[in-house]
Amino acid sequence: MKNLSPETRLVHADRLLNRPQSGGVHEATNNSVLFEFEDVQGLVDVFQGKKAGHVYSRSSSSSAVSLQNILNDFDKGVGAVVFATGMAAISATFYSLLKAGDHIVVSQFLFGNTRSFMSSLENFGIEVTLVDVTEARNVEDAIKANTKMVFCESIANPVTQVSDLVGIGELCQSKNILFALDNTMTPHTLLDAKKVNASLLLTSLTKYIGGHGNVLGGVVVDTGLYDWAGFSNIDDKYRVTDISQWGLTQIKKRGLRDMGATLAPQSAHQISIGLETLSMRMSRTCANAMALAKYLSTHKGVDNVFYPGLLEHPQHERAKALFNRGYGGILSVELDASIDVHQFLNQLKLIISATHLGDTRTLALPVASTIFYENGAEQRKKMGIRDSLIRISVGIEDIEDILADFDQAFETLIK
Ligand code: PLP
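Reading the values: rules and limits
Numbers given to residues run from 1 along each chain, matching the order in which its sequence is written. The predicted nature of this model means local features are confined to residues of pLDDT at least 70 and side-chain atom pairs, given and counted, to a pLDDT of 80 or more, with totals for whole chains, interfaces and linings taken over all residues. Processing note: side-chain calculations cover all non-hydrogen atoms of the structure and skip hydrogens and water entirely. To qualify as a helix, a DSSP run of H or I must reach at least 4 residues; to qualify as a strand, a run of E must reach at least 2; elements of each kind are numbered from the N terminus. The reference for a compact globule is 2.2 Å times residues^0.38; the radius of gyration itself is calculated from the C-alpha atoms. Residue burial is assigned from relative accessible area. The probe radius is 1.4 Å, only protein chains are included, and a residue is buried under 20% of its type maximum, exposed over 50%, and partly exposed in between. We call two residues in contact whenever any of their non-hydrogen atoms come within 4.5 Å of each other. To be clear on the numbers: accessible area is Shrake-Rupley with a 1.4 Å probe, and residue cover counts the displayed protein chains and nothing else. For the purpose of charge, His is not counted, nor are the chain termini; Lys and Arg are scored as positive and Asp and Glu as negative. Positions of charges follow a simple convention, taking NZ of Lys, CZ of Arg, CG of Asp or CD of Glu. A pair of strands counts as paired when DSSP detects no fewer than two bridges linking them. Throughout, an axis means a line fitted to C-alpha atoms (over the contacting stretch in the case of helices), and angles, computed between N-to-C directions, take values from 0 to 180 degrees.

When helices and strands are tallied, the protein chain shows 14 helices and 12 strands. Whereas a compact globule of 415 residues would reach a radius of gyration of roughly 22 Å, the protein chain reaches 22 Å, a difference of no more than 12%. The C-alpha extent of the protein chain, read off along each of the three principal axes, is 80 × 55 × 40 Å. The burial tally for the protein chain puts 56% of its 415 residues in the buried class. In the protein chain, once contacts between residues fewer than 6 apart in sequence are set aside, the share between residues at least 24 apart is 70%. If you sum the accessible surface of the protein chain, you get close to 18,000 Å²; carbon and sulfur atoms cover 51% of it. Counting 38 positive and 45 negative side-chain charges, the protein chain places the averaged centre of each group 4 Å from the other.

See below:
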């Protein structure tokens, strides 16, 4: 079946791509850590990469490979590797591809833990230059002879800056620099990352793809657009016959096998179930987020709303051109100074104060005192995060119920 729409393909992906045994529509969850072969030569051949197979489930298992097949098909890549969390996918990729003495250019607007991880990289002798990625020329100005990689998020969390993805993609392509994109906020249903020339997609599966706040996971997808022949850090051992697999082979060996943040088989199954409804959830989430952003932007209790779907958002036109079916599910607000942020969040009855995003439920949290607390006041200022900022991850509830919850909180607190 070739011409299925992407939505239909997502619903049927497991049975079409993985052909589960016994007519099941889901790949069986395989909990075995070890694998038996007809004879020792079979084991040796898989170890030496002469045959496909699994020898030990920290490195690979049928459950992980089945999910990788689905995620790779979804992003139209040349391969994928799954990890235990989104942070594992990010850290394993950087640690396995970079060396002391390398330089990377990274967005100054990053998810707090990724920003913190950049300091760990610096401790290993990798030079990190942080720039405002809403303009590709800032990236260009920062590039040096030893720049190996550019890294940013599609829509930054929490202030929703939209990166100059087209400009950065063109720049990286012209200089043959690896362009790694954290696509957590805009899975393929919103952004076709190949159109902006991204080389590697790093995505937290815990968020929109899993979608239900019940499973952690991460993935690296190679889009096939980068020419690994120009990447000097690939070890001779991992220069396999198919050049398109050089990067992922090194990530699999050094990042997954050697560092060991492996996705559990049961988690792989749960993520594949989440993926089936991603498109539907994403459409509803985006529609709800747009309606909530409009409501908040005209409310007297609100000073500022950051949402790429609003006309006044600095990168609105770019977001309109880039994203297929909406502007994502994250928005942030600065309340009027007369409203105490903690009191406001405590007053919300339906909306949960929690640190997560991409869930079916609407969630909110005070950003400066929680997820960006460790980053300190100076870094927060550079990222545009004020103390009164609340991040909202919009869910799929009936929008009237979401608006009613905000209404009652404002009514109670605005005297
Ligand atoms: N990237 C982004 C943009 C995120 O928001 C998060 C988590 O919130 C991560 C990566 C890390 O994902 P995980 O929690 O699965 O490690």
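Right, let's talk about the pairing of strand S7 (residues 218–222) for a bit. Burial analysis of S7 places five of its five residues in the buried class, which makes it a mostly covered element. What you see with S7 is no split at all: Gly 218, Val 220 and Asp 222 on one side and Val 219 and Val 221 on the other are buried throughout. Where strand S1 (residues 79–83) and S7 come together, five bridges link them in antiparallel fashion. Following the sheet pairing, Val 82 is matched in S7 by Val 219. Here five bridges tie strand S6 (residues 200–204) to S7, and the two strands are oriented antiparallel to one another. Note on S7: the bridge partner recorded for Leu 200 is Asp 222.

This next bit is on the side chain of Asn 157. With respect to the element layout, Asn 157 can be found in the loop between strand S4 (147–153) and helix H7 (165–175). Those residues in contact with Asn 157 that sit more than four places away from it in its chain are Leu 110, Phe 111, Met 185, Leu 357, Phe 372 and Arg 391.

The mixed open sheet is built from seven strands, whose spatial order is S1-S7-S6-S5-S4-S2-S3. Only two strands of the sheet have a single neighbouring strand rather than two, namely S1 and strand S3 (127–131). Across the sheet, the axes of successive neighbouring strands diverge by a mean angle of 20 degrees, strand direction being ignored. Inspection of the sheet shows S4 paired to strand S5 (residues 178–182) by five bridges, in the parallel sense. Following the sheet pairing, Met 149 is matched in S5 by Leu 178. Contacts from helix H5 (residues 112–123) reach strand S2 (103–107), S3 and S4 within the one sheet, and its direction differs from that of S3 by about 150 degrees. Sheet strands touched by H7: S4 and S5. Its angle to S5, the strand with the most contacts, is close to 155 degrees.

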